[in-house]
Amino acid sequence: VTPVRVDASGFMDGAAHRQGRAPIYNTYYFTDTDPAYDAGYEPQQMLFRPLYATGWWLADTLTEGTHAPLAYVAMSSASSKTALALAHALKSNAGPKTIGVTSSRNKACVEASGLYDQTVTDDEIETLDASASPGGYVDFMGSPETNTRIHSALGDGLKRSLIVGATEWDTDRPPRALPGPTPEFFFVPDVAAARIKAVGPSLMQTMGEDLRAFYPASGKFVTPIEASGTTAIKRTWIAAV
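Please read all numbers here as calculations on a predicted model, not as lab measurements. (Residues numbered from 1 in each chain as written. Predicted model: local features only at pLDDT ≥ 70, side-chain atom pairs only at ≥ 80, totals over all residues. Heavy atoms only, no water.)

Student: Got a minute to help me understand the side chain of Asp210 in this structure?
Tutor: Residue position: Asp210 is located in helix α6 (residues 202-217). A distance of 3.2 Å separates polar atoms of two side chains, one belonging to Asp210 and the other to Asn93. Not counting chain neighbours up to four residues away, the residues in contact with Asp210 comprise Tyr52, Trp56, His88 and Asn93. (Helix = DSSP H or I, 4+ residues; strand = E, 2+ residues; numbered from the N terminus. Polar contact = N/O pair within 3.5 Å; in protein donor to acceptor, adjacent residues only side chain to side chain. Contact = heavy atoms within 4.5 Å.)

Structural data, given as structure tokens:
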């Protein structure tokens, strides 16, 4: 890296080949002043920190601003790390009801997390309560079929729909008209920059504190296993993919 704009909190990477990246991807923090750093949970930070930030900014977007307060937020791919982070951020800040939509094989894990008020499997989507309103939906899966089913099940009560990721990366995604609100594409760097400019850097302090609370909470559904050496790294990588 080429440190620039160095201060007590950290620095920006000024390397020429990094300048096309959003500022949030070029920011480095010193651990002794970082509100999110906890020496006792370094494995959890490596696993969750970047994705927790996405979940936290999603929660901020869904609960702040001029939109009417939501009664619930439904999430596809509820076992994904970003969905779990969003659920935690909403729950820890007394946000709207959280509904996790997941596969049958992941239902037990999602329920064990304690982060969702309701868990619905993919084949139970049509049982979602269409009378609840106003509601929000966050798509982490990227499945047009799932999005259509969820939008249809929630009906007119669904007021906001955000697109974040694609856990089903190999699924075809032809354009599809959806009932209800037009999905909004959520891009963290733009959202975070605008909110920090409007509110101030205190938001980063708040996010860091919430992230530190998430580290021990994640113990309900993730147990980090440490490995070292090239052989162990290769074996673990192959097992994961």
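Student: It is not clear to me how the sheet that holds strand β1 (residues 3-4) should be interpreted in this structure. Could you clarify?
Tutor: Backbone hydrogen bonds are what pair the strands of a sheet, in a parallel or an antiparallel way. The strand order across the open sheet built from three strands is β1-β2-β3, with neighbouring strands paired in antiparallel fashion. Both edges of this open sheet fall to β1 and β3 (27-29), since each of them pairs with a single strand only. In this structure, β1 lies alongside strand β2 (residues 10-13), joined through two bridges in antiparallel fashion. From the neighbouring strand, Val4 faces β2, where its bridge partner is Met12. (Pairing = 2+ DSSP bridges.)

Student: Honestly, the pattern of salt bridges in this entry has me stumped. Any pointers?
Tutor: Where side chains of opposite charge bring their charged atoms close, a pairing between them can arise. Tallying each qualifying case throughout the model produces six salt bridges. Across the pair Asp34 and Arg49 runs a salt bridge whose closest N-O atoms are separated by 2.5 Å. With Asp34 in the loop between β3 and α1 (42-63) and Arg49 in helix α1, this residue pair connects regions lying 15 residues apart in the sequence. Residue class for Asp34 comes out buried when judged on its relative accessible area of 11%. Using a relative accessible area of 23% as the deciding quantity, one classes Arg49 as partly exposed. Of the charged contacts in the structure, one is a salt bridge between Lys91 and Asp117, with a shortest N-O distance of 3.7 Å. Of this pair, Lys91 sits in helix α2 (residues 81-92) while Asp117 sits in the loop between α3 (107-112) and β6 (118-121), placing them 26 residues apart in sequence. (Salt bridge = Lys/Arg side-chain N within 4 Å of Asp/Glu carboxyl O. Buried < 20%, exposed > 50% of the residue type's maximum accessible area, 1.4 Å probe, protein only.)

Student: What's the story with the pairing of strand β8 (residues 158-163) in this structure? I'm lost.
Tutor: Remark: a regular strand shows side chains that alternate across the two faces of the sheet. Of the strand pairs in this sheet, strand β7 (residues 135-139) and β8 are connected by five bridges, and their pairing is parallel. Counted as the bridge partner of Val138 is Leu162 from β8. With helix α4 (residues 144-154) bridging β7 and the parallel β8, this β-α-β connection has right-handed handedness. Two elements, β8 and strand β9 (residues 184-185), share two bridges in a ladder whose sense is parallel. In the strand pairing of β9, Leu162 is matched with Glu184. (Right-handed = clockwise from strand over helix to strand, strands pointing away.)

Student: Sorry if this is basic, but what is going on with the packing of α1 against α2 here?
Tutor: The angle between the axes and the distance between the axes are what describe a pair of packed helices. One can describe the packing of α1 onto α2 by two numbers: an axis separation of 7 Å at closest approach and a directional angle of 50 degrees. With respect to α2, the element α1 is oriented oblique. Crossing hand, α1 versus α2: right-handed. Judged by residue contacts, Leu47, Phe48, Leu51, Tyr52, Thr54, Gly55, Trp56, Leu58, Ala59, Leu62 and Thr63 of α1 engage Lys81, Thr82, Ala85, Leu86, His88, Ala89 and Leu90 from α2. In terms of residue class, the contact of α1 with α2 is built from 12 nonpolar, five polar and one charged. (Axes fitted to C-alpha atoms, helices over the stretch in contact; angles between N-to-C directions. Parallel < 35°, antiparallel > 145°, perpendicular 65-115°, else oblique. Left-handed = near helix turned anticlockwise from the far one by under 90°. Nonpolar A, V, L, I, M, F, W, Y, C, P; charged D, E, K, R; others polar.)

Student: Teacher, can you tell me more about the sheet that holds strand β4 (residues 72-75) here?
Tutor: If you trace the six strands from one edge of the open sheet to the other, you get β6-β5-β4-β7-β8-β9, paired in parallel fashion. Both edges of this open sheet fall to β6 and β9, since each of them pairs with a single strand only. Bridging between strand β5 (residues 97-102) and β6 involves four bridges; their strand directions are parallel. Residue Thr102 lies in a different strand from β6, and its bridge partner there is Thr121. Lying on the sheet, α1 is in contact with β4, β7 and β8; it crosses β8 at an angle near 155 degrees. Sitting on the sheet, α4 is in contact with β4, β5, β7 and β8, with an inclination near 175 degrees to β7.

Student: When you look at the layout of surface pockets in this model, what are you seeing that I'm missing?
Tutor: Using a probe with the size of a water molecule, rolled over the atoms, empty space left in the structure can be pinpointed. Taken as a whole, the largest pocket holds about 1,300 Å³ of empty space. If you trace the largest pocket, you find 40 residues lining it, with Pro23, Ile24, Thr27, Tyr29 and Met204 closest to the centre. Within the residue set of the lining of the largest pocket, elements represented by two or more residues are β2, β3, α1, α5 (188-199) and α6. Split by residue class, the lining of the largest pocket holds 26 nonpolar, nine polar and five charged. Of the pockets and cavities examined, the second largest pocket occupies roughly 440 Å³. In terms of lining residues, the second largest pocket is bounded by Pro43, Met46, Leu47, Val222, Thr223, Pro224, Ile225, Glu226, Thr236, Trp237, Ala239 and Ala240. Only α1 and α7 (230-240) provide two or more residues apiece to the lining of the second largest pocket. Residue contributions to the lining of the second largest pocket peak at four residues, all from α7. When the residues that make up the lining of the second largest pocket are grouped by side-chain class, the tally is nine nonpolar, two polar and one charged. (1 Å grid on protein atoms, 1.4 Å probe; cavity = no way out; pocket = protein on both sides within 12 Å on 5 of 7 lines; lining within 4 Å. Points joined across faces, edges and corners; volume = space filled by probe spheres on them.)

Just geometry here; none of it tells us what the structure is for.
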